[in-house]
Structures are given as structure tokens and as C-alpha cells.
Amino acid sequence: MNWNTNGANAGIGKATALELAKRGARVILACRSQERAEAAVRDIKRESGNAEVVYMQLDLASLQSVRSFAETFLKTEPRLDLLINNAGLILEGKTEDGFGMIFGVNHLGHFLLTLLLLERLKECGSSRVINVSSTSYTLGAIDFNYLSTHKELGVGGSSFRLFKLYGHSKLCNMLFTHELAKRLQGTSVTCYSVHPGPVKTEITRHTIIWYFYVPTSWLFTVDPDSGAQTTLHCALQEGIEPLSGRYFSNCAEEEVLPKAKDDAVARKLWEVSERLSGLS
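What you see is a predicted model; the values in this text were computed from it and never measured.

Peer 1: Let's hear about the overall build of the protein chain: which residues, and what values?
Peer 2: When helices and strands are counted, the protein chain shows nine helices and eight strands. Of all 280 residues assigned to the protein chain, the portion counted as buried reaches 54%. Counting contacts in the protein chain only where the partners sit at least 6 residues apart, residues at least 24 apart contribute 77% of the total. On the protein chain, roughly 12200 Å² of surface is accessible, and the fraction owed to carbon and sulfur atoms is 50%.

Following this line, the structure appears as C-alpha cells:
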């Protein structure tokens, strides 16, 4: 089996890749930093005893990089049984294409990557797409007028505003999964969004997020191995195919707020994302 996970050089992504490698899968680590990714590949090979772990360069902040990755992958890898869209950041600034960094990386890059690889997923039988979201989607909203004008989900700047943008992007992940499941009906591909929990990772290494100001907040975080469990559940658990498009937390399906499964908004986000990523 051939499994591809992005953002896999550290944290939840690395823990997920290690467990998949231990199970004998060929694992592709799609990462921006070659140095960090190659170090992760060495660690995973050593700990898993699996030599079928490779790095492919992918920068989700560049639509051209996403396209180049997909082209290389489709030329060199005959199978794709599992796509895990794990990468995420909380960082101000713009992508190479002029999108807000949080929107561009956390949603649009994953959207384009998934659609470019979708036919290969369909060719491989019962394949799955896992989109790593977050309970912070509850803080999210999508202002299509602002997105159209500024190529961003909202105003950044302060740590609080950046975290709000992160919440907006996680809502995008949820709506993308919801719409993708509808479009995959009748195929053998299923998809799921997951909340890994409050995990001690490097996601906030570029900024200080407001809720971490509370010293006791670290008492409620878990390690990356624990945080990877829900992703692994959705990747490996038999019999969850009827739950395609649903949201999982603590290795179980969880009901979501109405805004995370709004058909009209999900469809509009898909159409806008197609246009912004150059697919339409």
C-alpha cells in the first residue's frame, strides 16, 4: 500500500507516518523543508525497520509546488491508498501566489493537492482522504466578499486575530470534507475530517497564540503519538465507509455545528477554491 502524508517531518504527521511505516506501508513524506524531512525519514526508517519511506518536496504555500509535486507523484508512484492532509500553520504573511498564508496553506494547498491526486485515489479501490481539522473550527466563519477582495479569510496581525484566521481555515477543512464526500458518492474513495486534540507540536513556533498565555493550558495537551490516534483510526478502521464526510474526535464520530455541514456554503467554497487554484 502507498500512503502519502504532508507535514510529516514533525509532530502529529511524523507520529502518523511512523505508525503507518511500522505496518509495512510505503510512506511518502510530502514536506517543505528537505533537511527536516530527510531527518524524519531516517528516524522513521530506523524506528520502523521499513526502508520504504521517502521524501518528496512540497510547499503548500506555492500552487506551482503543489502542481509539481502532483506531477512527480503521478509519474513515479503507481498507487495512492491514503492521502493525509496534515500540514497546518498559524503564521501571518502571504503565500507565493498572494493568498493569506493561513488560508493558502491550511486550505487552498490541500484542496488543490487532493483534486490533482483524486483520480489516482479512485484507481486504487477503497482509498481514503483524511483532512486534519480542529475544534477551533467553532470560531470560524467564511466571508466570501473579503476572500474575493483580499485573497484572505480575514484581518491578521495580533495573535488573537491570527488564531481567528486559523479557526476560519479549519472550518474550510470541515466544509471541504463535507462537499468532497458528496462528490465521491458512487466511488470507492471516502474522506474524513479529524480533530487531533490539543497536541504539543510545533504549529505555534512562529507566533504566540493567545490561549497559550494561560500557564495551566499545557496541563491539557497530549503528546503527538496520542494526537495521531484519531487520524490513524480514520485511516485504518474497517467499516467506517458509511461515515464518509463526517468529523472524528477521540477516535469516534462527533456531531458538528450546522455551519460545518452547510451544503450551500460548502459548495460555494469549493467553486471559489477551484477558481483561486486555477482549476476552473
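Peer 1: Hey, could you go over helix 8 (residues 229-236) for me, with residue numbers and the actual values?
Peer 2: Counting buried residues in helix 8 gives six out of eight residues, a clear majority hidden from the surface. In this structure, the buried residues of helix 8 make contact with helix 1 (11-22), strand 4 (82-85), strand 5 (128-132), strand 6 (190-195), helix 7 (224-227) and strand 7 (247-249).

Peer 1: Hey, could you go over the pattern of salt bridges for me, with residue numbers and the actual values?
Peer 2: Side chains carrying opposite charge are able to pair once their charged atoms draw close together. Applying the stated criterion across every chain, the model contains 14 salt bridges. Between arginine 23 and glutamate 19 there is a salt bridge, and its shortest N-O distance comes to 3.1 Å. Accessibility expressed as a relative area gives 54% for arginine 23, which makes it exposed. Using a relative accessible area of 25% as the deciding quantity, one classes glutamate 19 as partly exposed. The closest approach of N and O atoms between aspartate 263 and lysine 182, which form a salt bridge, is 3.6 Å.

Peer 1: Can you lay out the packing of helix 1 against helix 8 for me, pointing to particular residues and giving the numbers?
Peer 2: Two elements in contact, helix 1 and helix 8, have axes whose closest approach is 9 Å; the angle formed by their N-to-C orientations is 40°. Here helix 1 is positioned oblique relative to helix 8, judged by the angle of their axes. Seen along the crossing, helix 1 lies across helix 8 with a hand that is right-handed. Of helix 8, the residues touching helix 1 (which contributes Thr16, Glu19 and Leu20) are Thr231, Leu232 and Leu236.

Peer 1: Lay out the pairing of strand 4 in plain terms, naming residues and giving numbers.
Peer 2: Side-chain alternation along strand 4 places Leu82 and Ile84 on one buried face and Leu83 and Asn85 on a second face that is also buried. The pairing of strand 4 with strand 5 spans four bridges and is parallel. In the strand pairing of strand 5, leucine 83 is matched with valine 129.

Peer 1: Which residues make up the packing of aromatic side chains, and what values do they have?
Peer 2: Scanning all chains against the criterion turns up eight aromatic pairs. When the centroid spacing of 5.7 Å and the interplanar angle of 45° are considered together, the rings of phenylalanine 176 and tryptophan 270 count as tilted. Of this pair, phenylalanine 176 sits in helix 6 (residues 159-183) while tryptophan 270 sits in helix 9 (residues 263-276), placing them 94 residues apart in sequence. For tryptophan 270, a relative accessible area of 6% corresponds to the buried category. Pairing tyrosine 192 with phenylalanine 248 gives two aromatic rings, centres 5.9 Å apart and planes at 80°, and the pair type is edge-to-face. Of the two residues, tyrosine 192 sits in strand 6 while phenylalanine 248 sits in strand 7, which places them 56 residues apart along the sequence.

Peer 1: Tell me about unusual backbone geometry, residues and numbers included.
Peer 2: For lysine 151, which is not glycine, the phi dihedral falls at a positive 55°. As for its position among the elements, lysine 151 is in the loop between helix 5 (144-150) and helix 6.

Peer 1: So, the side chain of asparagine 106: which residues are in play, and what are the values?
Peer 2: If you trace the backbone, asparagine 106 turns up in helix 4 (residues 101-123). Polar contacts involving the side chain of asparagine 106 include one to the main-chain amide nitrogen of leucine 89, which spans 3.0 Å. Discounting residues that sit within four places of it in the chain, asparagine 106 has contacts with Ala87, Gly88, Leu89, Met101, Tyr166, Ser169, Lys170 and Asn173.

Peer 1: Account for the environment of leucine 269, naming residues and giving values.
Peer 2: Along the chain, the position of leucine 269 falls in helix 9. Put simply, leucine 269 and cysteine 172 are 97 residues apart on the chain and 7.7 Å apart in space, counted from C-alpha to C-alpha. In contact with leucine 269, other than residues within four places in its own chain, are His107, Ile142, Phe144, Cys172 and Leu175.

Peer 1: Describe the confidence of the model for the protein chain, naming the residues involved and giving the relevant values.
Peer 2: The pLDDT averaged across the protein chain works out to 89; a share of 87% of its residues lies at or above 70. Considering only residues more than four positions removed or in separate chains, one finds that residues 199-221, a stretch of pLDDT under 50, has 41 contacts.

Peer 1: Could you give me a rundown of the state of the cysteines, with the residues and numbers involved?
Peer 2: Scanning the model with the defined rule gives zero disulfides in all. The thiol of cysteine 234 is unpaired, and the distance to the nearest cysteine sulfur, on cysteine 251, comes to 7.8 Å.

Thresholds applied
- Residues numbered from 1 in each chain as written.
- Predicted model: local features only at pLDDT ≥ 70, side-chain atom pairs only at ≥ 80, totals over all residues.
- Heavy atoms only, no water.
- Helix = DSSP H or I, 4+ residues; strand = E, 2+ residues; numbered from the N terminus.
- Buried < 20%, exposed > 50% of the residue type's maximum accessible area, 1.4 Å probe, protein only.
- Contact = heavy atoms within 4.5 Å.
- Areas by Shrake-Rupley, 256 points an atom, 1.4 Å probe, with all protein chains shown as cover.
- Salt bridge = Lys/Arg side-chain N within 4 Å of Asp/Glu carboxyl O.
- Axes fitted to C-alpha atoms, helices over the stretch in contact; angles between N-to-C directions.
- Parallel < 35°, antiparallel > 145°, perpendicular 65-115°, else oblique.
- Left-handed = near helix turned anticlockwise from the far one by under 90°.
- Pairing = 2+ DSSP bridges.
- Phe/Tyr/Trp six-rings, centres within 6.5 Å; stacked < 30°, edge-to-face > 60°.
- Polar contact = N/O pair within 3.5 Å; in protein donor to acceptor, adjacent residues only side chain to side chain.
- pLDDT = per-residue confidence, 0-100.
- Disulfide = S-S within 2.5 Å.

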